[in-house]
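# Structural overview for review
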Amino acid sequence: MADTALTARQRSPLGDAVHRLAAATRSSRGAIRLAELPFLAQVNVRLDAKSPAAEAVGLALGLQLPLEPNTVVHAGDVTAMWLGPDEWLLVGLRGTERDLESRIRSAAGDEPLSVTDVSAQRTTLLVGGPRARDLLAHGCSLDLHPRAFGPGRCAQATLARTQVVLVARDEPRAGFWVLVRSSFAGYLADWLLDAAVEHR
């Protein structure tokens, strides 16, 4: 019998919404950009931020794990997000989760830590364009003004009554990442599409 786990084609949580997200982007005439970034590698790491393992893991990844609350650090194709005093979410390119996990475990050695591949738990929505902040603020209680939530910031928040990890991207006009649990992705995409009509 064939191993369907290896041969089955991956299906993103928002595969059915791709055309609607693209249509909303076109109809906004550049004011809002919506897209799914499916299958990004996502690895949750928990360890003592003051331990030798934290520094070793940072060296192995080519970045320092962010120690300031709600901040993001990038190095190459890896993004590290602060989720708590001893917790980070690492995001990388599709298919790199095993490599990230292996590098982290090797670097930490015998130091206590927890490394969990959570790639299948969430998908990522890109919300960009000049009206992106207004669109997100419509359903989020965070202060999203650039002075309070500028590039390099992240937060675990509620958007349209859905738990998300919100990331303000560093690159110019890169917009936001909205990491949402796969089971809520369809609902959140529908909400964004509906709200986008009001923010054209």
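Residues numbered from 1 in each chain as written. Predicted model: local features only at pLDDT ≥ 70, side-chain atom pairs only at ≥ 80, totals over all residues. Heavy atoms only, no water.

With respect to topology, five strands assemble into an open sheet ordered S3-S4-S5-S2-S6, the strand pairing being antiparallel. Where the open sheet ends on each side, the last strands, each with one partner, are strand S3 (72-75) and strand S6 (114-117). Neighbour-to-neighbour, the strand axes of this sheet turn through a mean angle of 20°, independent of strand direction. As judged from the four bridges shared by S3 and strand S4 (residues 78-84), these two strands associate in the antiparallel manner. (Pairing = 2+ DSSP bridges. Helix = DSSP H or I, 4+ residues; strand = E, 2+ residues; numbered from the N terminus. Axes fitted to C-alpha atoms, helices over the stretch in contact; angles between N-to-C directions.)

Within the largest apolar cluster, 33 residues are counted, with the highest numbers of intra-cluster contacts made by Leu34, Leu136, Val178, Leu188 and Leu192. Among the secondary structure elements, those contributing two or more residues to this core are helix H2 (18-27), strand S7 (122-128), helix H5 (132-137), strand S8 (154-159), strand S9 (162-168), strand S10 (176-181) and helix H6 (182-198). Ranked by residues supplied to this core, first place goes to H6 with eight residues. Residue contacts for Leu192: discarding those within four places in its chain leaves Leu34, Leu125, Val127, Leu135 and Leu136. The next biggest cluster of nonpolar side chains, apart from the first, holds 19 residues, and it includes Ala41, Val43, Val45 and Ala53. (Core = buried A, V, L, I, M, F, W, Y, C linked by side-chain atoms within 4.5 Å. Buried < 20%, exposed > 50% of the residue type's maximum accessible area, 1.4 Å probe, protein only. Contact = heavy atoms within 4.5 Å.)

Attention now moves to unusual backbone geometry. Of note in the backbone geometry, Arg29 takes a positive phi value of approximately 55° without being a glycine. Looking at the element boundaries, Arg29 is found in the loop between H2 and strand S1 (33-37). A relative accessible area of 78% means that Arg29 is categorised as exposed. Its identity is not glycine, yet Ala160 carries a phi of approximately 55°, on the positive side. Mapping Ala160 onto the fold places it in the loop between S8 and S9.

Once that is clear, we can look at the packing of aromatic side chains. Between two aromatic rings, the relevant description is the distance of the centres plus the angle of the planes. Enumeration over the complete set of coordinates arrives at one aromatic pair. For the ring pair Phe149 and Phe176, a centre distance of 6.5 Å and an interplane angle of 10° mean the geometry is stacked. In this pair, Phe149 sits in the loop between H5 and S8 while Phe176 sits in strand S10, placing the two residues 27 residues apart along the sequence. Residues Phe149 and Phe176 agree in their burial class; the two are buried. Cation over ring: Arg169 sits above Trp177, and NZ or CZ is 3.9 Å from the ring centre. (Phe/Tyr/Trp six-rings, centres within 6.5 Å; stacked < 30°, edge-to-face > 60°. Lys NZ or Arg CZ within 6 Å of the ring centre and 35° of its normal.)

Judged by how many residues are buried, strand S5 (residues 87-92) sits mostly within the fold: six of six residues are covered. The alternating pattern of S5 places Glu87, Leu89 and Val91 and Trp88, Leu90 and Gly92 on opposite faces, both of which are buried. Taken together, the six bridges between strand S2 (residues 41-46) and S5 define a ladder with antiparallel strand orientation. If you follow Gln42 over to S5, its bridge partner there is Val91. As paired strands, S4 and S5 are joined by five bridges and run antiparallel to one another. Directly across from Thr79, in S5, lies its bridge partner Val91.

So, about the packing of helix H3 (residues 52-61) against helix H4 (residues 97-108). Two elements in contact, H3 and H4, have axes whose closest approach is 8 Å; the angle formed by their N-to-C orientations is 140°. In terms of orientation, H3 lies oblique with respect to H4. Considering the relative orientation of H3 and H4, their crossing is right-handed. Together, Ala53, Ala56, Val57, Ala60 and Leu61 of H3 and Leu100, Arg103, Ile104, Ala107 and Ala108 of H4 make up the contact between the two elements. Classifying every residue of the contact of H3 with H4 by side-chain character gives nine nonpolar, no polar and one charged. (Parallel < 35°, antiparallel > 145°, perpendicular 65-115°, else oblique. Left-handed = near helix turned anticlockwise from the far one by under 90°. Nonpolar A, V, L, I, M, F, W, Y, C, P; charged D, E, K, R; others polar.)

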